[in-house]
Amino acid sequence: MAKKAKAEEIVEVAPQVVATKKPQSPPAKPEWEIKDRLYTLTENFGSPIVFTIASKHSTKFPLLYFDEKLGYQRELRYATNMASPFVDEQKGQATLGRIVFRDGKLFVPKQEVALQKLLSLYHPLRNKYFVENKPKERAVNELEYINYEIEALLAAKQMDIEGSEAILRVEFGEEVDSLSSSELKRDGLVFAKRNPVLFLQLANDENVELRNIGIKAVNQGIINLSQDQRTFTYGSTGRKLMTVPFDEHPYSALAAFFKTDEGMEVYKHITKKI
């Protein structure tokens, strides 16, 4: 009995292709943020009722911007019917506009991009006559200043009288000689509050205290400074102590001398007498 061979059916199964989503790259940050902007005159100009700045280039009021990519000066002009503040990008007849601050302020809506870019990026008077009002940046700057103020006040509070005297002498000179200890402490705190950045710079400058010692030594006759301010001598003997280098402040030179091996011995001797 013949057997019928059953043919095996070969079924080819096509591999399944799983569609994968390509990761989407984050949208590129726009170079220019579309928003309303407010501009204010700087403190030097206050808040006049009307204040006008140049809106087109002229010999009397140049309105140019140096483009580093292109390598040349580009003429600026505010045209109300143009999308760019650059003259070389303005096509057709231009309708010129005026840039007027009223009560020290100029509000520019988001639709007027060309004027905003002219004021925020290219106008030669920006940050001199006027600034863009940026509340976030202003808050950060104010916070930084407050931190400086706190740091300076703490440093002034913890500083000894000699340190306060040295710093105040930089600002007020010989006037500090007539101040009492409490007055030196008070004026040091006032100075730290009014100008915290400068106070901290002076507090961290070791030469400030060295100069102060030198000035006090001269005032008390421990050492002498010649009339031409070129030579320091010992007050008791008149012997030459040092020569001030050319074109250098005498007390800065003396402070540098105090940091040398020879000068350190002189410094110790002077501080014992003061």
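Keep in mind it's a predicted model, so treat the numbers as computed, not measured. (Residues numbered from 1 in each chain as written. Predicted model: local features only at pLDDT ≥ 70, side-chain atom pairs only at ≥ 80, totals over all residues. Heavy atoms only, no water.)

Assigned secondary structure in the chain consists of eight helices and ten strands. Scored against the burial criterion, the 274 residues of the chain give a buried share of 32%. Long-range pairs, those at least 24 residues apart, make up 54% of the contacts in the chain between residues at least 6 apart in sequence. Element-wise, carbon and sulfur atoms account for 52% of the exposed surface of the chain, whose accessible area totals about 19600 Å². (Helix = DSSP H or I, 4+ residues; strand = E, 2+ residues; numbered from the N terminus. Buried < 20%, exposed > 50% of the residue type's maximum accessible area, 1.4 Å probe, protein only. Contact = heavy atoms within 4.5 Å. Areas by Shrake-Rupley, 256 points an atom, 1.4 Å probe, with all protein chains shown as cover.)

Contact pair helix α6 (residues 206–219) / helix α8 (residues 261–273): the axes reach a minimum separation of 10 Å and the direction vectors enclose 60°. What the angle tells us is that α6 and α8 run oblique. The interaxial crossing formed by α6 with α8 has left-handed handedness. Facing α6, whose interface residues are Leu210, Ile213 and Ala217, α8 presents Tyr267, Ile270 and Thr271. Taken together, the residues that form the contact of α6 with α8 break down as five nonpolar, one polar and no charged. (Axes fitted to C-alpha atoms, helices over the stretch in contact; angles between N-to-C directions. Parallel < 35°, antiparallel > 145°, perpendicular 65-115°, else oblique. Left-handed = near helix turned anticlockwise from the far one by under 90°. Nonpolar A, V, L, I, M, F, W, Y, C, P; charged D, E, K, R; others polar.)

What follows is about the pattern of salt bridges. For the coordinates displayed, the defined rule picks out ten salt bridges. For the salt bridge of glutamate 33 with lysine 35, the shortest nitrogen-to-oxygen distance reads 3.9 Å. One salt bridge connects glutamate 165 with arginine 169, and the closest N-O pair in it is separated by 3.4 Å. On the criterion of helical spacing, the pair formed by glutamate 165 and arginine 169 is a turn pair, its members being four residues apart in helix α3 (residues 161–172). Of the two residues, glutamate 165 and arginine 169, both sit in the buried class. A single salt-bridge network, built from bridges that share partners, covers Asp67, Arg74, Asp88 and Glu89. (Salt bridge = Lys/Arg side-chain N within 4 Å of Asp/Glu carboxyl O.)

Tallied over the full model, the rule gives twelve aromatic pairs. With a centroid separation of 4.8 Å and 70° between ring planes, the pair formed by tyrosine 65 and tyrosine 122 is classed as edge-to-face. Of this pair, tyrosine 65 sits in strand β3 (residues 64–67) while tyrosine 122 sits in helix α1 (residues 113–122), and the two are 57 residues apart along the sequence. Classification of tyrosine 65 as partly exposed rests on a relative accessible area of 26%. Put simply, the rings of Tyr39, Phe101 and Phe130 touch in pairs and so form one group of aromatic residues. Across the ring face of tryptophan 32, the terminal group of arginine 37 is positioned such that the distance to the ring centre comes to 3.9 Å. (Phe/Tyr/Trp six-rings, centres within 6.5 Å; stacked < 30°, edge-to-face > 60°. Lys NZ or Arg CZ within 6 Å of the ring centre and 35° of its normal.)

A few words on the sheet that holds strand β9 (residues 231–234). Sheet strands pair via backbone hydrogen bonds, and the direction of the pair is either parallel or antiparallel. Strand order in the open sheet formed by three strands is β8-β9-β10, and the pairing between neighbours is antiparallel. Two strands lie at the open edges of the sheet, namely β8 (223–225) and β10 (240–243), each paired on one side alone. Ignoring strand direction, the axes of neighbouring strands in this sheet form an average angle of 20°. In this sheet, β10 lies alongside β9 in antiparallel orientation, the contact comprising three bridges. Considered in β10, the bridge of threonine 233 is made with lysine 240. (Pairing = 2+ DSSP bridges.)

On to the nonpolar core. The nonpolar side chains of a soluble globular protein tend to be buried, and buried together. Judged by nonpolar contacts, the single largest core of 20 residues is most densely connected at Ile223, Phe232, Leu241, Leu254 and Ile270. Elements that contribute at least two residues to this core include exactly α6, β9, β10, α7 (250–258) and α8. In terms of residue count, the dominant contributor to this core is α7 (six residues). In this view, leucine 241 contacts Ile223, Phe232, Thr233, Tyr234, Leu254, Phe257 and Val266; residues no more than four positions away in its chain are not counted. Within the second largest apolar cluster, 19 residues are counted, among which are Phe51, Ile53, Phe86 and Leu125. (Core = buried A, V, L, I, M, F, W, Y, C linked by side-chain atoms within 4.5 Å.)

A word on helix α4 (residues 181–194). If you check α4, its first and last C-alpha atoms are 20 Å apart, about what 14 residues at 1.5 Å a residue would give, namely 20 Å. Contacts from the buried residues of α4 go to α2 (135–158), α3 and α5 (196–203). (Expected span 1.5 Å × (residues − 1).)

A word on a nonpolar patch on the surface. On the surface, Ile146, Ile150 and Leu154 cluster together into a nonpolar patch covering about 260 Å² of accessible area. Relative to the helices and strands, leucine 154 resides in helix α2. Assessed through its relative accessible area of 45%, leucine 154 is described here as partly exposed. (Patch = residues over 30% accessible without salt bridge, like charges linked within 9 Å, V, L, I, M, F, W, Y side chains within 5 Å.)

With that out of the way, let us pick up the environment of serine 47. You can see serine 47 is positioned in the loop between β1 (37–41) and β2 (50–53). Here serine 47 falls in the exposed class, since its relative accessible area comes to 56%. A sequence separation of 54 residues divides serine 47 from phenylalanine 101, and the C-alpha atoms of the two residues are 8.8 Å apart. Apart from residues lying up to four places away in sequence, serine 47 is in contact with Asp103 and Gly104.

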